[in-house]
Amino acid sequence: MLAKTYGSAIIGVNAVSVTVEVNVSSGMGFNMVGLPDNAVKESSQRVISAIEYSGYKIPGKRIIINLAPADIKKEGTAYDLTIAVGILGALGEVDSVAFDRYVIMGELSLDGTLRPIKGALPIAIEARQRHCKGIILPEANAREAAIVNNLEVYGASNLKQVADFLNNEGTIPQTIVDTRAEFTQSLNNYEFDFADVKGQANVKRALEIAAAGSHNAILIGPPGSGKTMLAKRMPSILPPLTLSESLETTQIYSVAGKMRKEDSLISIRPFRSPHHTVSDAGLCGGGTYPQPGEISLAHNGVLFLDELPEFKRTALEVLRQPMEERHVTISRAKTTIEYPASFMLIAAMNPCPCGYYNHPTIACTCPPGAVHRYLNKVSGPLMDRIDIHIEVTPVPVAELGRALPSEPSAVIRERVIAARAIQTERFKNNPDVHCNAQMTSKLTRQYCQLSDQCRNIMEAAMNRLGLSARAYDRILRVARTIADLEASDQITPTHLSEAITYRSLDRDSWGK
Ligand SMILES: Nc1ncnc2c1ncn2[C@@H]1O[C@H](COP(=O)(O)OP(=O)(O)OP(=O)(O)O)[C@@H](O)[C@H]1O
Ligand SMILES: [Mg+2]
């Protein structure tokens, strides 16, 4: 007898339909065809054990399983349940009439218990697009899939439960999530708040500007000055995620298998902080079974590279393309996979190997030239994409105690939102540009026109500080954001002068 069940294969962050055909005939053996990888081939062992453990007999027959379409590579363990239910259908143990109404996926353990799978959200999206009635998944994935509207989601705990459900002999509770309510409820529920940071008004101001124009920034300061602490609070002052941004980010976490059982939507901006020993694939995505990397997990949020000069140069070089295109492309023998990767980069570094260059009270013990060499470990092209350099000096311990209460993130965020609204209006006819940091040279010239007085300030600064030409456009873009924070049409000398202070690393006196 022949039975057909339905599953999905994940390609990038999307799913495509896979049909599992099972034929049981006389003879002996178990064959699987249709481009399965090793993990899928091994499923026969798990599936047979799970079926027997669930109380069914597999007679000595020949079982052939075909995964179609044959040109898509089927990876992983998530087809176990699809195959098991297909076999039970072909054996006449399960009513196969129900099969074409559901997408059924899950990993089986030998006793028939279901284990979570990766990519439940895109699988559910695909099921709805195909007008399926519902989807049957492991319990742990149910909430993640249930954010898709107009699709019944059933989270099962074992194979027997699924078989009984399909035979109308038992029930599985339907998982229902009110997506919008869930989204609004947990929006801006950030763990870290700028109110915890004492003093550091100038650093907070610089980070506010970075958030307002979506400028990449680097924090430079001695150990213990609070760089990591400040960077962690960055997502809390960015504008709240929109529902569609939230869905994009959730889809990536779903594919990476990083959703917890109780999670349904990611509604706060992600903050990813990979260690400097991270591999290229870990950072940008890839691997034998392609997976999203840190830059995609940071999609719509912040990628924090702490101790920037310690990262391998090659890892930083591969960041260039995704930073420009806001997605990353991974090439495979027959296909290319794309993961979204639109993130804000916040980097941190000590100013020199000993950490105390430019420190107000402790002397730097580095030999001559060491400060420059340390900075040069960071690739130039990456540095080129960082608009704001922030020097962080530690708050003296005595002052930490008596500092006044600081502004909470929510107040800073309101100003950021207002500045972003001006930018949305400004770039409404440029679909690829959303904020000041993304302005091309042409747009920079158009929107950052300088008065004669400003031009003089700029020229004097370029000469006096020995700023390189590449600093010029960056200063203009940052000045534009500072003006937007004040809702000023014009860039004034005050705005420009402040923007000039955020180019410490370009000064030719740096490290001398
Ligand atoms: N301005 C501040 N307000 C409150 N606490 C602070 C402040 N600055 C530093 N701290 C405290 O000092 C700790 C160390 O800060 P943090 O780890 O962020 O420093 P860092 O600059 O990242 O140092 P390193 O270079 O060693 O990584 C923080 O966890 C925090 O408890
Ligand atoms: Mg740190």
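Residues numbered from 1 in each chain as written. Chains lettered and ligands numbered in written order. Predicted model: local features only at pLDDT ≥ 70, side-chain atom pairs only at ≥ 80, totals over all residues.

A word on the nonpolar core. One finds A84 and A145 to be the most contacted residues of the largest nonpolar core, which totals 136 residues. In this structure, A84 is in contact with V47, A50, I51, L108 and L159, ignoring residues within four places of it in sequence. (Core = buried A, V, L, I, M, F, W, Y, C linked by C-beta atoms within 7 Å. Buried ≥ 20, exposed ≤ 12 C-beta atoms within 10 Å, placed from the backbone. Contact = placed C-beta atoms within 7 Å.)

Another aspect to go through is the sheet that holds strand β3 (residues 29-33). The strand order across the open sheet built from four strands is β1-β2-β4-β3, with neighbouring strands paired in mixed fashion. Each end of this open sheet is capped by a strand with a single partner; those strands are β1 (2-11) and β3. On average, adjacent strands in this sheet sit at an angle of 20 degrees to one another, irrespective of strand direction. Where strand β2 (residues 14-25) meets strand β4 (residues 62-68), seven bridges bridge the pair, whose relative direction is antiparallel. Looking at the pairing, S25 lines up with R62 of β4. (Pairing = 2+ DSSP bridges. Helix = DSSP H or I, 4+ residues; strand = E, 2+ residues; numbered from the N terminus. Axes fitted to C-alpha atoms, helices over the stretch in contact; angles between N-to-C directions.)

Attention shifts here to helix α18 (residues 409-426). A rise of 1.5 Å per residue sets the reference length of α18, with its 18 residues, at 26 Å; its end C-alpha atoms lie 26 Å apart and thus fit the reference within 8%. Burial in α18 covers these residues: S409, I412, R413, V416, A419, R420 and Q423. Down the axis of α18, the buried side of the element spans an arc of 130 degrees, and every buried residue falls inside it. For α18, the exposed residues set more than 90 degrees away from the buried face come down to V411, E414 and E425. (Expected span 1.5 Å × (residues − 1). Arc of directions from axis to C-beta.)

As a further point, take the pairing of strand β13 (residues 327-331). A regular strand places its side chains on the two faces of the sheet in alternate fashion. Relative to strand β14 (residues 336-340), β13 runs antiparallel, the two sharing five bridges. Looking across to β14, one finds that T329 is bridged to E338. Linking β13 back to β14 in an antiparallel pair, the connection comprises four residues.

A word on the sheet that holds strand β11 (residues 271-272). Either a parallel or an antiparallel arrangement is found when strands of a sheet pair, and the pairing is made through backbone hydrogen bonds. Pairing within the open sheet is parallel, and its five strands lie in the order β11-β12-β15-β10-β16. The sheet terminates laterally at β11 and β16 (388-391), the two strands that pair on one side only. Across two bridges, β11 lies against strand β12 (residues 302-305) in parallel orientation. For R272, the partnering residue across the bridge sits in β12 and is L303. Across the face of the sheet, helix α8 (residues 201-213) comes into contact with β10 (217-220) and β16 while running at roughly 165 degrees to β16.

Moving on: the packing of α8 against helix α21 (residues 470-485). Contact geometry for α8 and α21: axes closest at 9 Å, N-to-C directions at 95 degrees. Taken as axis vectors, α8 and α21 run roughly perpendicular relative to one another. Touching I209, A212 and G213 of α8 are R477, V478, T481, I482, D484 and L485, all from α21. Across the contact of α8 with α21, the residue classes tally to five nonpolar, two polar and two charged. (Parallel < 35°, antiparallel > 145°, perpendicular 65-115°, else oblique. Nonpolar A, V, L, I, M, F, W, Y, C, P; charged D, E, K, R; others polar.)

This part is about the site of ligand 1. Not every one of the 15 residues close to ligand 1 is listed here, only the nearest: P223, G226, K227, T228 and M229. Among the elements that take part in the shell around ligand 1, helix α9 (residues 227-232) stands out by supplying three residues, more than any other. Residues of the shell around ligand 1, tallied by class, amount to five nonpolar, eight polar and two charged. (Near = placed C-beta within 6 Å.)

Further remarks concern unusual backbone geometry. Of all residues except glycine, most have a negative phi; of all peptide bonds, most are trans. Going from A68 to P69, the amide bond is cis rather than trans, its omega being 0 degrees. In this structure, P69 sits in the loop between β4 and α3 (80-90). Backbone geometry places N188, a non-glycine residue, at a positive phi of 60 degrees. Residue N188 is classed as partly exposed on the basis of its C-beta count, with 17 C-beta atoms lying within 10 Å. Here A487, not a glycine, exhibits a phi torsion of approximately 55 degrees, which is positive. Positionally, A487 belongs in the loop between α21 and α22 (493-500). Judged by the 10 C-beta atoms lying within 10 Å of it, A487 is exposed.

The element β1 is largely enclosed, with a buried count of seven among its ten residues. Between β1 and β2, which pair antiparallel in sequence order, lie two residues; one of them, G12, sits at a positive phi of approximately 65 degrees.

Taken together, the buried positions of α22 are H495, L496, A499 and I500. For α22, the arc enclosing every buried residue in end-on projection is 135 degrees, short of the 170-degree limit, so these residues lie on one face. Those residues of α22 that are buried lie in contact with α20 (452-465) and α21.

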